[in-house]
Amino acid sequence: MKVLVIKLGALGDVVMATALLKAIQSAHHLDQVQLLTSPTFVSLFDAWEGLGVTAFPRKGATLKTLAWLRREKFDRIYDLQSSDRSALLCALSGAKERVGNHPRYPYTHHPADKYHGQCHIFTRMNQLLASASIPAAEPQPCLPASEQDRTAVSEWLQQHCPGEEKPVLMHAGASPSWPSKRWQGFQALAIHLQDRGIPVIWIGAGDDREINQALARVSGLNATDCFSIPQLAELGRRARAAVVNDSGPMHILSASAIPVFGFFGPTSWRRNHALAQEKRVLCAEVPCSPCSLGHCPPEKNHQCMQSITAEQVMKRLEQDDIL
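Residues numbered from 1 in each chain as written. Predicted model: local features only at pLDDT ≥ 70, side-chain atom pairs only at ≥ 80, totals over all residues. Heavy atoms only, no water.

1. Regarding the overall build of the protein chain
Selection criterion: Only DSSP runs of H or I covering at least 4 residues are called helices, and only runs of E covering at least 2 are called strands; the numbering of each starts at the N terminus. A radius of gyration in this sense is built from C-alpha atoms; the matching globule rule multiplies 2.2 Å by the number of residues raised to 0.38. For every residue, the accessible area (1.4 Å probe, protein chains only) is compared with the maximum for its type, and the residue is labelled buried under 20%, exposed over 50%, or partly exposed between those bounds. Whether two residues are in contact is decided by their heavy atoms, any of which lying within 4.5 Å being enough. For the accessible areas, the method is Shrake-Rupley and the probe is 1.4 Å, while residue cover comes only from the protein chains on display. His is not counted, nor are the chain ends, whereas Lys and Arg count as positive and Asp and Glu as negative. Think of each charge as sitting on NZ of Lys, CZ of Arg, CG of Asp or CD of Glu.
Along the backbone of the protein chain there are twelve helices and eleven strands. By the compact-globule yardstick of 20 Å for 323 residues, the protein chain fits well, its C-alpha radius of gyration being 21 Å. Within the span of the protein chain, comprising 323 residues, buried residues form 52% of the whole. Excluding contacts between residues fewer than 6 apart, the proportion of contacts in the protein chain whose partners are at least 24 apart in sequence is 59%. Per element, the accessible surface of the protein chain, about 14800 Å² overall, is 50% carbon and sulfur. Side chains of the protein chain carry 33 positive and 30 negative charges; the gap between the two charge centres is 8 Å.

Right, here's the structure in full:
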């Protein structure tokens, strides 16, 4: 059986899908499985064993993607994206078996009920696998690092963080369209950790540069744009824990198998928490949360995030034996 997995984006969803991809690979011969993704995410799979990866842009390349699909003559497609575009690709692919999230054409295998956010997306994707008689995936993302990645991370740590104490990784940024996801207590928390002799590393890329520069001027190391995604997961394996907003790095660091404490307020942690990290969710019970708003209305005063103090987070880290 020649098998294709479709997962085009976004970052956090692709990282979570790596756990599902492992389950699919386990159910088939390694050399039978290929992945269709976006060019942005190809590097995540550089160190994967037995996986063929093909990438097309998500916009403007539908005909090219479809032509490739039909040439490859896949027997079964696992559509982990299940968007209108990926459903169209499945419908015209020529594959006899098409596994998807929605109980409708073009899928021949699917969960019995419609999905409307009633559970975590990973739980739903396991239901998708079950419809095709694939055993459930373990809730542990996989982002293997190459030897070159491991060396790069080791050299960076030796140069910038040479002490024996393992660092805490922190991501204070969020998507520019979601400033409501940002917790305002990172600076105070970093100072508390520094007073304990624990190094802090500010992680992120692109839009995180300005906030990380400001934070690092007071405490911690600025590592903006220093690591690729597999390297960031490898950095996580050298850390004691991570404290992050609801973001892509939250999911990346869950692949490191370390404690990842994630702040939630405007979004639902029950549907979006990092895999195997639901017990480390940091949130305040306020009536308006989750609101799904990228900008908090001024009259609400960002209560869902402002109600969580750095002292409360420190106490939580102590309770979980992180410090």
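2. A word on the sheet that holds strand 3 (residues 52-55)
Put simply, the test is: By this definition, two strands are paired if DSSP reports at least two bridges between them. Angular values range over 0 to 180 degrees, each being the angle between N-to-C directions of two axes fitted as lines to C-alpha atoms, with helices fitted over their stretch in contact.
Read across the sheet, five strands follow the order 3-2-1-4-5 without closing on themselves; strand pairing throughout is parallel. Two strands in the sheet have a free side with no partner beyond their single neighbour: strand 3 and strand 5 (97-99). For this sheet, the mean inter-axis angle between neighbouring strands, taken without regard to orientation, is 20°. In terms of strand pairing, strand 1 (residues 3-6) meets strand 4 (residues 76-79) through four bridges, oriented parallel. Across the sheet, residue Val-5 finds its bridge partner in strand 4, namely Tyr-78. Relative to strand 2 (residues 33-37), helix 2 (residues 62-72) is tilted by about 175°, and along the sheet it contacts strand 1, strand 2, strand 3 and strand 4. Its contacts with the sheet put helix 3 (residues 84-92) on strand 1, strand 4 and strand 5, and the angle it makes with strand 4 is roughly 175°.

3. Quick notes on the sheet that holds strand 6 (residues 168-171)
Taken in spatial order, the six strands line up as 8-7-6-9-10-11 in an open sheet, and their pairing is parallel. Edge positions in the sheet fall to strand 8 (221-222) and strand 11 (281-282), since each has one partner strand and no second. Judged from the four bridges that link them, strand 6 and strand 9 (residues 241-245) form a sheet pairing that is parallel. Residue Met-170 lies in a different strand from strand 9, and its bridge partner there is Val-243.

4. Some remarks on the layout of surface pockets
We apply this condition: Any residue with an atom within 4 Å of a point lines the site, the site being either a cavity, points on a 1 Å grid over the protein atoms alone where a 1.4 Å probe fits but cannot get out, or a pocket, an open set with protein on both sides within 12 Å along at least 5 of 7 lines. Grid points are joined across faces, edges and corners, and a volume is the space filled by probe spheres set on the points. In the scheme used here, Gly and all other residues not listed as nonpolar or charged are polar, with Ala, Val, Leu, Ile, Met, Phe, Trp, Tyr, Cys and Pro taken as nonpolar and Asp, Glu, Lys and Arg as charged.
Its boundaries defined by the atoms lining it, the largest pocket holds a volume of some 1000 Å³. If you go around the largest pocket, you meet 44 residues; those closest to its centre are Ala-10, Leu-11, Gly-12, Ser-247 and Gly-248. Counted by class, the lining of the largest pocket contains 20 nonpolar, 16 polar and eight charged residues.

5. Overview of empty space enclosed by the protein
In the structure shown here, the tally under the stated rule is two cavities of 30 Å³ or more. The set of elements that each furnish at least two residues to the lining of the largest cavity consists of helix 1 (11-27) and helix 4 (121-131). No other element matches helix 1, which puts four residues into the lining of the largest cavity. Of the residues in the lining of the largest cavity, the class split is seven nonpolar, no polar and two charged. Space inside the second largest cavity adds up to approximately 30 Å³. Per element, the largest residue contribution to the lining of the second largest cavity is three residues, and it comes from helix 1.

6. Points about the packing of aromatic side chains
Stated precisely, the cut-off is as follows: Paired rings are identified among Phe, Tyr and Trp, the last through its six-membered ring, by centres lying within 6.5 Å, and are further divided according to the angle between planes into stacked (under 30 degrees), edge-to-face (over 60) and tilted (the rest). A ring has a charge above it when a Lys NZ or an Arg CZ is no more than 6 Å from the ring centre and no more than 35 degrees off the ring normal.
Scanning the entire structure with this criterion turns up eight aromatic pairs. Measuring from ring centre to ring centre gives 4.2 Å for Trp-183 and Phe-263, while their planes differ by 20°; the resulting arrangement is stacked. Of this pair, Trp-183 sits in the loop between strand 6 and helix 6 (186-195) while Phe-263 sits in strand 10 (residues 260-263), placing them 80 residues apart in sequence. Comparing Trp-183 with Phe-263 shows no difference in burial state: the two are buried. Taken together, Trp-183, Phe-186, Trp-202 and Phe-263 form an aromatic cluster joined through their ring pairs. Positioned over the ring face of Trp-178 is Lys-181, at 4.9 Å from the centre of the ring.

7. With respect to the pairing of strand 6
Stated precisely, the cut-off is as follows: Looking down the strands as they point away from you, a crossover is right-handed if its path from the first strand over the helix to the second goes clockwise.
Alternating positions in strand 6 separate into two faces, Val-168 and Met-170 on one and Leu-169 and His-171 on the other, with burial throughout. Sheet analysis places strand 6 next to strand 7 (residues 200-202), joined by three bridges and oriented parallel. For Met-170, the partnering residue across the bridge sits in strand 7 and is Trp-202. Between the parallel pair strand 6 and strand 7, the chain is carried across by helix 6, and the sense of this crossover is right-handed.

8. Remarks on the packing of helix 5 (residues 147-160) against helix 8 (residues 229-237)
Filter applied, for reference: Oblique is the label for every angle not falling under 35 degrees (roughly parallel), over 145 degrees (roughly antiparallel), or within 65 to 115 degrees (roughly perpendicular). In this scheme the crossing of two helices becomes right-handed for a clockwise turn of the near helix relative to the far one and left-handed for an anticlockwise turn of less than a right angle.
Close contact between helix 5 and helix 8 brings their axes to 9 Å; oriented N to C, the two are set at 55°. Taken as axis vectors, helix 5 and helix 8 run oblique relative to one another. The way helix 5 lies across helix 8 gives a crossing that is right-handed. Touching Asp-149, Arg-150, Ala-152, Val-153 and Leu-157 of helix 5 are Pro-230, Gln-231, Glu-234 and Leu-235, all from helix 8. Here the residues of the contact of helix 5 with helix 8 sort into five nonpolar, one polar and three charged.

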